[in-house]
Amino acid sequence: TMGRPFRLLIVEDSSDDAELMLFSLRRGGLDPAWERVETADGLRAALTTGSWDAVISDFTMPTLGAVAA
């Protein structure tokens, strides 16, 4: 997957944290096409409308966490 875009779903309530993840992935040679969601409804919609190569989730958020996701 080096240099090839992949589809990444980010379950994260902080845009700064999401940008840090993306920066690290790009620095490692990956170029993700991504979407960020913060709620259970947003997650359901993203999973229904798209296919994802990977999902990265914050462990604890006010309305949704990794276990529930």
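The text that follows walks through the structure, step by step, so that each part is easy to find. (Residues numbered from 1 in each chain as written. Predicted model: local features only at pLDDT ≥ 70, side-chain atom pairs only at ≥ 80, totals over all residues. Heavy atoms only, no water.)

**Section: the side chain of glutamate 12**
Part 1: By the element assignment, glutamate 12 lies in the loop between strand 1 (7-11) and helix 1 (15-27).
Part 2: For glutamate 12, which is buried and forms no salt bridge, the nearest opposite charge comes from arginine 36, at a distance of 6.3 Å.
Part 3: Among the polar contacts made by the side chain of glutamate 12, one reaches the main-chain amide nitrogen of serine 14 at a distance of 3.0 Å.
Part 4: Setting aside chain neighbours within four positions, we find glutamate 12 in contact with Asp17, Ala18, Met21, Arg36, Val37, Glu38, Asp58 and Met61. (Helix = DSSP H or I, 4+ residues; strand = E, 2+ residues; numbered from the N terminus. Buried < 20%, exposed > 50% of the residue type's maximum accessible area, 1.4 Å probe, protein only. Lys, Arg positive; Asp, Glu negative; His and termini not counted. Salt bridge = Lys/Arg side-chain N within 4 Å of Asp/Glu carboxyl O. Polar contact = N/O pair within 3.5 Å; in protein donor to acceptor, adjacent residues only side chain to side chain. Contact = heavy atoms within 4.5 Å.)

**Notes on the pattern of salt bridges**
Part 1: A complete count under the given rule lists two salt bridges for this structure.
Part 2: Among the salt bridges present, the one from glutamate 38 reaches arginine 36, with a minimum N-O distance of 3.2 Å.
Part 3: A residue is classified by how much of its surface remains accessible, and arginine 36, at 27% relative accessible area, is partly exposed.
Part 4: The salt bridge involving arginine 44 is made with aspartate 41; its shortest N-O contact spans 2.6 Å. One end of the pair is arginine 44 and the other is aspartate 41, both in helix 2 (residues 40-49) and three residues apart, which spans about a single turn.

**Description of the sheet that holds strand 2 (residues 33-37)**
Part 1: Taken in spatial order, the three strands of this open sheet run 2-1-3, and their pairing is parallel. A single partner strand is all that each edge strand has here, and the edge strands are strand 2 and strand 3 (54-57). Between one strand axis and the next, the sheet turns by 20° as a mean value, whatever way the strands run.
Part 2: Pairing geometry for strand 1 and strand 3, over four bridges, is parallel. Of the residues in strand 3, the one forming a bridge with leucine 9 is valine 55. (Pairing = 2+ DSSP bridges. Axes fitted to C-alpha atoms, helices over the stretch in contact; angles between N-to-C directions.)

**Concerning the pairing of strand 1**
Part 1: The element strand 1 is extensively covered by neighbouring structure, given that four of its five residues are classed as buried.
Part 2: The pairing of strand 1 with strand 2 spans five bridges and is parallel. Considered in strand 2, the bridge of isoleucine 10 is made with arginine 36.

**Let's talk about a negative patch on the surface**
Part 1: A cluster of acidic side chains, namely Asp13, Asp16, Asp17 and Glu19, defines a negative patch on the protein surface.
Part 2: Relative accessible area serves as the criterion here: at 42%, glutamate 19 is assigned to the partly exposed category. (Patch = residues over 30% accessible without salt bridge, like charges linked within 9 Å, V, L, I, M, F, W, Y side chains within 5 Å. Areas by Shrake-Rupley, 256 points an atom, 1.4 Å probe, with all protein chains shown as cover. Charge placed at Lys NZ, Arg CZ, Asp CG, Glu CD.)

Shape descriptors only; they carry no functional weight alone.
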